[in-house]
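# Summary of structural features
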Amino acid sequence: MHQAIALRRAITRFWVLSFALASLAVATSSSATAQTPLELNYHLRLSRPATHLVEIEIHAAHVASPAIDFVLPAWSPGRYAIYDFAKNVQEFQAQGASGQPVEWAQPDKQTWRVDARNCGGTVQVHYRVFANDLNGSFSQFDTTHANLNGASIYMYIDGHKQDPLALSVDDLPDLKPAWKIISGFSTATDQKSFSIPSYDRLIDTPLEICGECSLNEFRERDKTFRVAIHNYTSEASEGSAGRASANAALVSRFTNELKKVVQSEMAMMPLPDFDTYTFIFHFAPDISAGDGMEHLNSTQVIMVGSLSENTVRDAVETAAHEFFHVWNVKRLRPAALGPFDYTRENYTPSLWFAEGVTSYYAYLNLLRSGIWNLREFLRHMADEVRNLEIEPGRALMSAESSSFHAWFYDRAPQMQETNFANATISYYNKGALLGMFLDLEIRSRTGGEKSLDDVLQSLYHKFYEAPAAGTYGPGRGYEEKDLLDAVNAVAGSDFTSFFERYVRGTEPLPYAQTLALLGLELKVRAAPDATPSIGVSAQLEDRGLRILSVLPGGAAERAGLSRDDLLINVDELSLATEPLSDRLKMYPPGAEVPFTVERHLKQERINVTLDPPFKDQYSIEEIAGATADQKNLRNGWLGSAK
Ligand SMILES: [Zn+2]
Ligand SMILES: [Zn+2]
């Protein structure tokens, strides 16, 4: 009984402390804007790569408030997913000016509230972060490199994101060859101290620190472009001089193609406000997924596989997208995306424009720069059409809604079953098509005088080159309605109905009508060897095919087949030993075919009436006998490309 009372007292005292700190912080936040800047020094220590633990120390001087909150973001701009980077923080400690320990408590999972009443004006915190993901959002520290994306490792101090800070890299592993530091801040690879204007810039500038990286440069329009390549299959490990020179030739061609992309995109848009831009490429054979992540004056592009003709081609295409983000999203940005609230979701209906239109301009600039020919460009646009048209979700979800709900599926961890396969669309995909349709419609309505290029340029002037709306950076963000206004102003024509039907709405895109303006048409066919279909996506298992999704209205759904069913046999023939399409080859569309299905460990027979072969071959082709007007418009769009 006494013990219990003592315990209750101890608990009460803990809560008194927490409560006191909680009320102190209210004062901190409410007076945040009036606070004088802190003197901030961030120290990065990378000493034990095999532990994957990055050590961070933050010194904050001139602390006048009774408590300060250290916060680690829940997400990182560019990837619209709540990752809760705080889950990898360990060993948090806080000290005052003379190294005395000071109290701290966590009011929530990503905030460390430090009692600054007896800190002597300086708070120093120290913590470690576990980092072992090579990815544009997370960080990785191992014996090959440190690839650091700031939001996942650096805390900010609430109310002080706008304060200038200094970053120093204090410890590097003692490995050969010596590690080089490469980032959008660096002027030389041995530079270890950096002055950074704000926390936003700190985390918008990834660091790649490694021994095996190559670094090349080119100049374009009085700006320097640095190309860092970390290729996991090193020349030394391949052990052949011939192979090394083949790689050198590949890197040289790669750099040359990047230069063409940069030239083309810089020719289209106003010159950006940086002196140096840094491409950081990884070619890594042992990762499951690649990535591309845009930043203010740098980008991370991560490819699955070693440096090769194929991976280099894909890397150039990804770079064309990421580099266009220099303008679209990093500078010209939706109002919700800068300044950022790093603690929670930042919603915007405009990712179809920020991401999808960026994809469209990547394609167009790959064509304009001569890296793609006309056939490749039209094939990519036709692929985008197919990718939308095979999505059942296109009738349910608009481009704006897809953008708004990005937080559900932009590489977000899924802890429950979802119907995304049938109920969502991609804002990249629909946005790229909306970019093309807006471009063609503007060209048509202005007799080829104006295009979507003019809309991008005018938005950039109007919003990014406007007086700064706050401490975040130059310019101000746009709202979704500003996009319609900009299109209307450029085209001198009202696009309200276009936005209502295709951007806010889910009406089918007017393929035939719009492509005909340029003497083009969309062709949709089944593959020549296509067999009747049942309308499922499925995955091969030991005993048969596991259904992953069922096409609404298709043969499988009509017959009562369900997701997770295991298709074992068709007409007594195993589906584990031969593909479903081969098994269905012998039947005509409309045939009723018996399947042996296992559901919740019980087997049953279900008859399925087969659908005709699925039409998934899309192409955009020239119409014979196009008129002069159609040809003029087409040439204005595609230039002289063949
Ligand atoms: Zn690396
Ligand atoms: Zn993007």
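In what follows, the structure referred to is the one given above.
Below is a short write-up of the structure. (Residues numbered from 1 in each chain as written. Chains lettered and ligands numbered in written order. Predicted model: local features only at pLDDT ≥ 70, side-chain atom pairs only at ≥ 80, totals over all residues. Heavy atoms only, no water.)

## A short note on the overall build of the protein chain
When helices and strands are counted, the protein chain shows 18 helices and 27 strands. Along the first, second and third principal axes, the C-alpha set of the protein chain runs to 80 × 70 × 60 Å. Pairs at least 24 residues apart make up 69% of the contacts formed inside the protein chain by residues separated by at least 6 positions. About 27,700 Å² of surface is accessible on the protein chain, with carbon and sulfur atoms providing 51% of the total. Taken together, the 59 basic and 80 acidic charged side chains of the protein chain have centroids lying 1 Å from each other. (Helix = DSSP H or I, 4+ residues; strand = E, 2+ residues; numbered from the N terminus. Contact = heavy atoms within 4.5 Å. Areas by Shrake-Rupley, 256 points an atom, 1.4 Å probe, with all protein chains shown as cover. Lys, Arg positive; Asp, Glu negative; His and termini not counted. Charge placed at Lys NZ, Arg CZ, Asp CG, Glu CD.)

## Observations regarding the pattern of salt bridges
Pairing between side chains of opposite charge can happen when the charged atoms of each approach one another. Within the structure shown, the criterion is met by 36 salt bridges. When the shortest N-O distance is used, the salt bridge between Asp-291 and Arg-411 registers 3.7 Å. With Asp-291 in strand S18 (residues 291-294) and Arg-411 in the loop between helix H9 (406-409) and helix H10 (420-423), the pair connects residues that are 120 residues apart, well separated along the chain. On the basis of relative accessibility, which here comes to 7%, the residue Asp-291 falls in the buried class. For Asp-383, the salt bridge identified is with Arg-386, shortest N-O distance 3.6 Å. Of this pair, Asp-383 and Arg-386 are both found in helix H7 (residues 374-389), three residues apart, which corresponds to roughly one turn of the helix. A relative accessible area of 25% means that Arg-386 is categorised as partly exposed. (Salt bridge = Lys/Arg side-chain N within 4 Å of Asp/Glu carboxyl O. Buried < 20%, exposed > 50% of the residue type's maximum accessible area, 1.4 Å probe, protein only.)

## Observations concerning the coordination of the zinc ion (ligand 1)
Every protein donor of the zinc ion (ligand 1) is accounted for by His-145 (ND1), Glu-208 (OE), Glu-208 (OE), His-230 (ND1) and His-282 (NE2), and the metal-donor separations fall at 1.9 to 2.8 Å. Each donor residue of the zinc ion (ligand 1) belongs to the same chain, with the gaps between them written as H-x62-E-x21-H-x51-H. Linking His-145 in strand S9 (residues 145-148) with Glu-208 in strand S14 (residues 207-210), this pair joins segments that are 63 residues apart in sequence. Using a relative accessible area of 0% as the deciding quantity, one classes Glu-208 as buried. (Donors = N, O, S within 2.8 Å, 3.2 Å for Na, K, Ca; no water.)

## Looking at the pairing of strand S25 (residues 592-599)
Judged by how many residues are buried, S25 sits mostly within the fold: six of eight residues are covered. Inspection of the sheet shows S25 paired to strand S26 (residues 602-609) by eight bridges, in the antiparallel sense. Note on S26: the bridge partner recorded for Pro-594 is Asn-607. The hairpin formed by S25 and S26 contains two residues between the paired strands, and His-600 there has a positive phi angle of roughly 50°. (Pairing = 2+ DSSP bridges.)

## So, the side chain of Glu-598
Looking at where Glu-598 falls in the secondary structure, it is placed in strand S25. Only 2.9 Å separates the side chain of Glu-598 from the side chain of Arg-543, close enough to count as a polar contact. Excluding residues within four positions of it along the chain, Glu-598 makes contact with Arg-543, Asp-565, Leu-566, Ile-568 and Gln-603. (Polar contact = N/O pair within 3.5 Å; in protein donor to acceptor, adjacent residues only side chain to side chain.)

## As for the sheet that holds strand S8 (residues 140-141)
Within the open sheet, the four strands sit side by side as S8-S9-S14-S12. Their pairing is antiparallel. Of all the strands in the sheet, the pair left with one neighbour each is S8 and strand S12 (180-183). Here S8 runs beside S9; their pairing, made up of two bridges, is antiparallel. Note on S9: the bridge partner recorded for Phe-141 is Ala-146.

## Side note on the nonpolar core
If you look at the biggest cluster of nonpolar residues, it comprises 156 residues, and the most contacted ones within it are Leu-44, Tyr-154, Phe-281 and Trp-352. No other element matches the twelve residues that helix H6 (residues 351-368) contributes to this core. When neighbours within four sequence positions are excluded, Leu-44 is seen to be in contact with Val-54, Glu-55, Ile-56, Leu-148, Ile-153, Tyr-154, Leu-167, Ser-168, Val-169, Asp-170, Asp-171 and Leu-207. Among the nonpolar cores identified, the runner-up in size contains 20 residues, and Ala-555, Leu-561, Leu-575 and Val-608 belong to it. (Core = buried A, V, L, I, M, F, W, Y, C linked by side-chain atoms within 4.5 Å.)

## Side note on the pairing of strand S19 (residues 298-304)
Of all seven residues making up S19, six are buried, and the element is well covered by its neighbours. Bridge count between strand S17 (residues 276-284) and S19: seven bridges; the pairing is parallel. Bridge pairing links Phe-281 to Val-301 in S19. Relative to S19, S18 runs antiparallel, the two being bridged by four bridges. Its bridge partner lying in S19, Met-293 is registered against Gln-300. The turn joining S18 and S19, which pair antiparallel and follow one another in sequence, is formed by three residues.

## What to know about the packing of aromatic side chains
Overall, the coordinates contain 49 aromatic pairs when judged by the stated rule. Where Phe-353 meets Tyr-478, the ring centres are 6.1 Å apart and the plane angle is 80°; that geometry is what we call edge-to-face. Of the two residues, Phe-353 sits in helix H6 while Tyr-478 sits in the loop between helix H12 (452-464) and helix H13 (480-491), which places them 125 residues apart along the sequence. No difference in accessibility class separates Phe-353 from Tyr-478, as the two residues are buried. Its end group placed over the ring of Tyr-156, Lys-161 keeps NZ or CZ at 5.0 Å from the ring centre. (Phe/Tyr/Trp six-rings, centres within 6.5 Å; stacked < 30°, edge-to-face > 60°. Lys NZ or Arg CZ within 6 Å of the ring centre and 35° of its normal.)

## What to know about unusual backbone geometry
Here the residue pair Lys-176 and Pro-177 is connected by a cis peptide bond, since its omega of -10° sits within 30 degrees of zero. One can find Pro-177 in the loop between strand S11 (165-171) and S12. Backbone torsion omega between Gly-338 and Pro-339 reads 0°, so that peptide bond is classified as cis. Located in the positive-phi region is Asp-84, a residue other than glycine, with phi close to 50°. Judged by relative accessible area, which is 18%, Asp-84 ranks as buried. Even without glycine at this site, Arg-221 takes up a positive phi of about 50°. One can find Arg-221 in the loop between strand S15 (214-220) and strand S16 (223-231).

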